[in-house]
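# Residue-level structure breakdown
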Amino acid sequence: MTRLGAWLFTPMPLARVAVLRLLVFAFVVVDVLGLHTSGWYHGWADPVWYEPLVMGKALHLPAATVLLVQTLKWGCVAAALAAMTGRAPRLLGWTVAVGWVWYQYVAFSYGKVDHDRADFVVALALLPTVGLAHLSDRRRSEAAGFALRAIQLAAVATYFLSAWAKIRFGGWDWVNSATMVRAVVRRGTPVAQWLLEVPWTLHAFQWVLFAAELTAPVIFLLTERWRRRVVAGWFVFHAMTYAAITIAFWPHLVMMLAFLPLERGAAWLRGRWARQRPTRAGQERQEVRA
Amino acid sequence: MRLGAAAKSWRAVVVLGLTVMFCAGSLVGDDHWWPFSPWRMFSTSQAATGSVISTGIEVQTANAPGTWVPAPLTPENTGLNRAEIEGRIPQITADPQRLGTLARSHAELRPGAPEWTALRVVRRQIVVVDRKPTGEVRTSVLAQWEAR
């Protein structure tokens, strides 16, 4: 029990949380404005198509209107931009969380639920619990470690639970079915068409994917070096999926960054920026002299 | 920087609660449980031999009455996407007048485009034998609406 507690609360640099927050909130802006806009268009759909989810019934959420979707869209953007400043992390962070979740709800309550966006709720809900975190604050904190661990757990759980869903809905025979063929037929890119000509490729890929998903939690038992290799492997998998059927689980990809030493990347960027500025100023001085 | 016992306890309870909800959703839940719904992307089994169904809409416009042309079934165009229509086929065949709301949404979203005067839902069945599309496509009309 104490070992589990120590693992859940392993102190991590506050700067890592600060960088992840920046990425998460920047993603919210991009997502709301460009990546996932079906909720916005539901403002113009007739309420006859509205199909409340459990959450909507419990909270008495109404069908979408143009006013509601505009408020949620621009409210999310404004709150996320404000949250990127790092000020009032709890108030602004949880405002973004509520706005984004509601906006997704509007998107999903018209008959189609996307199955890749729920883990992001964990990141939005728990990142604010860390409180103030500065980009250059290398101190290690248990609160930061907890938030990062919870995000890692949620991200990895999606792999394992999607293997579980394949067993539950597709049956053990899923690995031998033509599900990938169906995906490529319905939305395959030119890059993927040759896969249909060589059907064993997609069949084998189903076995590999299923095995990788089922064993995903092993990532927590690996050494740091191998953990990063596995994360890189998942990024390669998601890039291949995008190339083949233009589906990417964008919010999940942001969550997977919680495994990486983000604060080092940020420090490197800042170092480059700091080195460049004096030289640029120096160049200008030289130009003036010339 | 350490956390006190109370701060740790409620965080542990939150993680436990989330774990229980996500697992319960995956065990017995359905899409309506979102965000705790099962992670079922590409989870259904598709028979190696059978047909892949793809649903779309065709419309007649005020400019060319009597001619059916395929129209993109996208949120930008109708407020709804293909999957959302595919999931409501029983309701649509029971009450084809519902399709009129798509023409109305289209008029609001695309005020510059020619008005839709008729709309029908078309199902294309792409035949697959041994994991390979044969090239055969069967088309059928599921429901139709006309402006009066």
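Rules and cut-offs
- Residues numbered from 1 in each chain as written.
- Chains lettered and ligands numbered in written order.
- Predicted model: local features only at pLDDT ≥ 70, side-chain atom pairs only at ≥ 80, totals over all residues.
- Heavy atoms only, no water.
- Helix = DSSP H or I, 4+ residues; strand = E, 2+ residues; numbered from the N terminus.
- Buried < 20%, exposed > 50% of the residue type's maximum accessible area, 1.4 Å probe, protein only.
- Contact = heavy atoms within 4.5 Å.
- Areas by Shrake-Rupley, 256 points an atom, 1.4 Å probe, with all protein chains shown as cover.
- Salt bridge = Lys/Arg side-chain N within 4 Å of Asp/Glu carboxyl O.
- Pairing = 2+ DSSP bridges.
- Axes fitted to C-alpha atoms, helices over the stretch in contact; angles between N-to-C directions.
- Polar contact = N/O pair within 3.5 Å; in protein donor to acceptor, adjacent residues only side chain to side chain.
- Buried area = accessible area lost by both parts, 1.4 Å probe.

Before going further, it helps to examine the overall build of chain A. Counting its secondary structure elements, chain A contains 14 helices and two strands. On the principal axes, the C-alpha backbone points of chain A span a range of 70 × 60 × 50 Å. When the 290 residues of chain A are sorted by exposure, 52% land in the buried category. For chain A, the proportion of contacts with a sequence separation of at least 24, taken over those separated by at least 6, is 82%. Accessible surface for chain A amounts to roughly 13800 Å². Of this, 68% is attributable to carbon and sulfur atoms.

Put simply, Trp34(B) and Pro35(B) share a cis peptide bond, and its omega is 5 degrees. Within the secondary structure layout, Pro35(B) lies in the loop between α1 (5-28) and β1 (50-61). Although it is not a glycine, His60(A) adopts a positive phi angle of roughly 55 degrees. Note that His60(A) resides in the loop between α4 (54-59) and α5 (66-83). On the basis of relative accessible area, His60(A) is assigned to the exposed category, the value being 70%. Even without glycine at this site, Thr246(A) takes up a positive phi of about 45 degrees. On the basis of relative accessible area, Thr246(A) is assigned to the partly exposed category, the value being 35%.

Turning our attention to the pattern of salt bridges. All names here are of chain A. Enumeration according to the criterion identifies 13 salt bridges over all chains in this entry. Here Arg139 and Asp137 are joined by a salt bridge, their closest N and O atoms 2.6 Å apart. Judged by its relative accessible area of 49%, Arg139 is partly exposed. Classification of Asp137 as buried rests on a relative accessible area of 13%.

What follows covers the sheet that holds strand β2 (residues 64-71) of chain B. All names here are of chain B. Taken together, four strands build an open sheet; the order of strands is β2-β1-β3-β4 and the sheet is antiparallel. Strands at the two margins of the open sheet, each flanked by one partner only, are β2 and β4 (132-146). Each neighbouring strand pair of the sheet contributes to a mean axis angle of 25 degrees, computed without reference to strand direction. Of the strands in this sheet, β3 (116-129) and β4 touch helix α5 (residues 99-109), which is tilted by about 110 degrees from β3.

With that settled, consider the side chain of Glu58(B). Residues and elements named next belong to chain B. Mapped onto the elements of the fold, Glu58 is located in strand β1. Owing to a relative accessible area of 16%, Glu58 belongs among the buried residues under this scheme. One polar contact links Glu58 to Arg120, side chain to side chain, over a distance of 2.7 Å. Beyond its immediate chain neighbours, meaning those up to four positions away, Glu58 contacts Trp68, Val69, Pro70, Ala71, Ala118, Leu119, Arg120 and Val122.

Residue-level contacts link 60 residues of chain B with 66 residues of chain A. For chain B, the biggest contributors to the area lost against chain A are Trp34(B), Trp39(B) and Arg131(B); these three give 16% of the whole. Put simply, Asp46(A) and Arg104(B) hold a salt bridge, and the shortest N to O gap is 3.3 Å. Inspection of the region where chain B meets chain A yields 20 residue pairs in polar contact (both at pLDDT 80 or more). Secondary structure elements with two or more residues in the side of chain B that touches chain A: α1, β1, α2 (75-78), α3 (82-86), α5, β3 and β4 of chain B. Looking at which element gives the most residues to the side of chain B that touches chain A, the answer is α1(B), with twelve residues.

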